[in-house]
Amino acid sequence: MKLSIVVPCYNEEAVIGRFDDQLRAVLDRLAVEYELCYVDDGSRDGTLPRLRALAQQHRSTTRYLSFSRNFGKEAAMLAGLRAATGDAVILMDADLQHPPGLVEKMLDLYQLGHDQVIARRSRDGDRRLRTALSRLYYRAVNTWIDVELVDGAGDFRLLSRKAVDALLALPEYNRFSKGLFSWIGFDTVTFDYRNAAREAGETKWRFGSLVNYGIDGMISFNCRPLRAAIYAGLSLATLAALYACWVIGAAVAGGVTAPGYVTLVAIIAGLGGLQMVMLGLIGEYIGRIYYETKRRPHFLVKESDGAAPAPAPAHASAPPGTAAAAPRSR
Ligand code: UDP
Ligand code: MG
């Protein structure tokens, strides 16, 4: 069997060499036929020259693609999956947070017949507030959406050819991988590993992008937020009617009195806020439709090792997803 390892890289010059050494050491020990598919996601540092050098040095086992600009990790993973030719594909980060040593265990589980082998990271070393917030988020989101998202189960996983083909057949432009992995299903097994710190370079995640990612998770897989908006509107209208009855009753019983300024302001501001939230929500869905209808490619390739089959044209299996708007994956 042949194993492909897909590695999205964005400004990973500081760590990519070390990653490659460690991974190859593991793979050579395993005596399995393999290929490494690096995808340079428009890095602005020396990542691309390093990938070229690696491809030169290990001609038969290294492939690379380089995007014309930064399209986001989702696009990079998609490009890697399209380029991969193996019977099984492992997605790995370049920063050594996904320990290469675990590849062996993944392969063992794959050979037992599983189509998805997920390595789930613990939250060791994360700040406590962040851990608590994530727990809360996953609990909320899982009662809400149709697919199951698991805390710590991210992109580090092995996919069988069947699973990869299923993923590649999903044409959406806004790709929320965590949800897509869960959506395709198949025989899945999960094991835990201790979280490792990034070896060098820095994370591309800021607090703001995490919040956005959280919102993507909430609305990528269902229309329930819109339904919730209807319920919120109905409840508020009922409350307003009750309140109006009460005010009228009080006026009839006790005559008209002037106070109520604070109540009015609070109601106007509160309702105004709520309406904005709901408009934003509708806007989010429309925005997604807008991006889907453009059918732009998910990424543009400016350079590759040549051996790599060109990524499928946008209309083949996969329409578009671009960068700016496409959610990134963790
Ligand atoms: N990455 C990418 N494009 C991006 C951002 C990140 O290809 O726009 C890659 C990055 O090079 C790394 C992986 O995605 O291999 C995970 O990124 P990072 O370590 O910043 O995320 P974290 O581990 O903090 O979740
Ligand atoms: Mg990382």
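Residues numbered from 1 in each chain as written. Chains lettered and ligands numbered in written order. Predicted model: local features only at pLDDT ≥ 70, side-chain atom pairs only at ≥ 80, totals over all residues. Heavy atoms only, no water.

1. Some remarks on the overall build of the protein
Okay, step 1: For the protein, the helix and strand inventory stands at 10 helices and 8 strands.
Okay, step 2: When burial is assessed residue by residue, the protein has 44% of its 330 residues classed as buried.
Okay, step 3: Pairs at least 24 apart in sequence give 83% of the contacts found in the protein among residues at least 6 apart.
Okay, step 4: If you sum the accessible surface of the protein, you get close to 16,700 Å²; carbon and sulfur atoms cover 61% of it. (Helix = DSSP H or I, 4+ residues; strand = E, 2+ residues; numbered from the N terminus. Buried < 20%, exposed > 50% of the residue type's maximum accessible area, 1.4 Å probe, protein only. Contact = heavy atoms within 4.5 Å. Areas by Shrake-Rupley, 256 points an atom, 1.4 Å probe, with all protein chains shown as cover.)

2. What about the confidence of the model for the protein?
Okay, step 1: Taken residue by residue, the protein gives an average pLDDT of 84. The fraction at 70 or more is 93%.
Okay, step 2: pLDDT under 50 marks residues 314-330. Its contacts with residues more than four places away, or in other chains, come to 72 contacts. (pLDDT = per-residue confidence, 0-100.)

3. Quick look at the nonpolar core
Okay, step 1: Formed by 38 residues in total, the largest nonpolar core has its most connected members in L3, I5, L27, Y38, I90, V103 and L158.
Okay, step 2: The greatest single-element share of this core, amounting to 6 residues, is contributed by helix α1 (residues 13-30).
Okay, step 3: Beyond its immediate chain neighbours, meaning those up to four positions away, I90 contacts L3, S4, I5, V6, V103, M106, F156, R157 and L158.
Okay, step 4: Membership of the second largest hydrophobic core comes to 35 residues, among which are V39, A83, V147 and I184. (Core = buried A, V, L, I, M, F, W, Y, C linked by side-chain atoms within 4.5 Å.)

4. Some details on the sheet that holds strand β7 (residues 188-193)
Okay, step 1: Overall, mixed pairing links the 8 strands, which are arranged β7-β5-β6-β4-β1-β2-β3-β8 in an open sheet. Of all the strands in the sheet, just β7 and β8 (301-304) have a single pairing partner and so form its edges. Strand-to-strand twist of the sheet, defined as the mean angle between neighbouring strand axes without regard to direction, takes the value 20 degrees.
Okay, step 2: Pairing of strand β2 (residues 33-40) with strand β3 (residues 62-67), which is carried by 5 bridges, proceeds in the parallel orientation. Directly across from C37, in β3, lies its bridge partner R63. (Pairing = 2+ DSSP bridges. Axes fitted to C-alpha atoms, helices over the stretch in contact; angles between N-to-C directions.)

5. Some remarks on the pairing of β3
Okay, step 1: Among the 6 residues in β3, 6 count as buried, and that is most of the element.
Okay, step 2: Burial of β3 is two-sided: the residues T62, Y64 and S66 facing one way and the residues R63, L65 and F67 facing the other way are all buried.
Okay, step 3: Here 3 bridges tie β3 to β8, and the two strands are oriented antiparallel to one another. Among the inter-strand pairings, L65 is bridged to a residue of β8, identified as S304.

6. Comments concerning the coordination of the magnesium ion (ligand 2)
Okay, step 1: Around the magnesium ion (ligand 2), the protein supplies D95 (OD) and Q97 (OE1) as donor atoms, at distances of 1.9 Å.
Okay, step 2: What makes Q97 partly exposed here is its relative accessible area of 24%. (Donors = N, O, S within 2.8 Å, 3.2 Å for Na, K, Ca; no water.)

7. A short note on the site of ligand 1
Okay, step 1: Near ligand 1, the surroundings consist of 18 residues, among which E12, D41, Q97, R198 and T203 are the closest.
Okay, step 2: A94 has a polar backbone atom sitting 2.9 Å from an oxygen atom of ligand 1.
Okay, step 3: One of the side-chain nitrogen or oxygen atoms of Q97 is found 2.6 Å away from an oxygen atom of ligand 1.
Okay, step 4: A total of 520 Å² of accessible area belongs to ligand 1 in isolation, and the protein chains cover 94% of it.
Okay, step 5: Looking at side-chain class alone, the shell around ligand 1 contains 5 nonpolar, 4 polar and 9 charged residues. (Near = heavy atom within 4 Å. Polar contact = N/O pair within 3.5 Å; in protein donor to acceptor, adjacent residues only side chain to side chain. Nonpolar A, V, L, I, M, F, W, Y, C, P; charged D, E, K, R; others polar.)

8. With respect to the side chain of R157
Okay, step 1: Tracing the sequence through the fold places R157 in strand β6 (residues 153-160).
Okay, step 2: No salt bridge is formed by the buried R157. Its closest oppositely charged neighbour is D155, at 5.7 Å.
Okay, step 3: Within the structure, R157 has its side chain in polar contact with the backbone oxygen of G154 (distance 2.8 Å).
Okay, step 4: When near neighbours in sequence (up to four residues on either side) are disregarded, R157 contacts V89, I90, L91, M106, Q116, V117, I118 and F181. (Lys, Arg positive; Asp, Glu negative; His and termini not counted. Salt bridge = Lys/Arg side-chain N within 4 Å of Asp/Glu carboxyl O.)

9. A closer look at the packing of α1 against helix α2 (residues 47-57)
Okay, step 1: In the contact formed by α1 and α2, the axes pass within 9 Å of each other and the chain directions differ by 20 degrees. On the basis of their axis angle, the class for α1 and α2 is roughly parallel. Here α1 and α2 pass one another in a crossing that is right-handed. Here α1 contributes E13, I16 and D20 to the contact with α2, which in turn contributes T47, R50, L51 and L54.
Okay, step 2: When grouped by side-chain class, the residues that make up the contact of α1 with α2 number 3 nonpolar, 1 polar and 3 charged. (Parallel < 35°, antiparallel > 145°, perpendicular 65-115°, else oblique. Left-handed = near helix turned anticlockwise from the far one by under 90°.)

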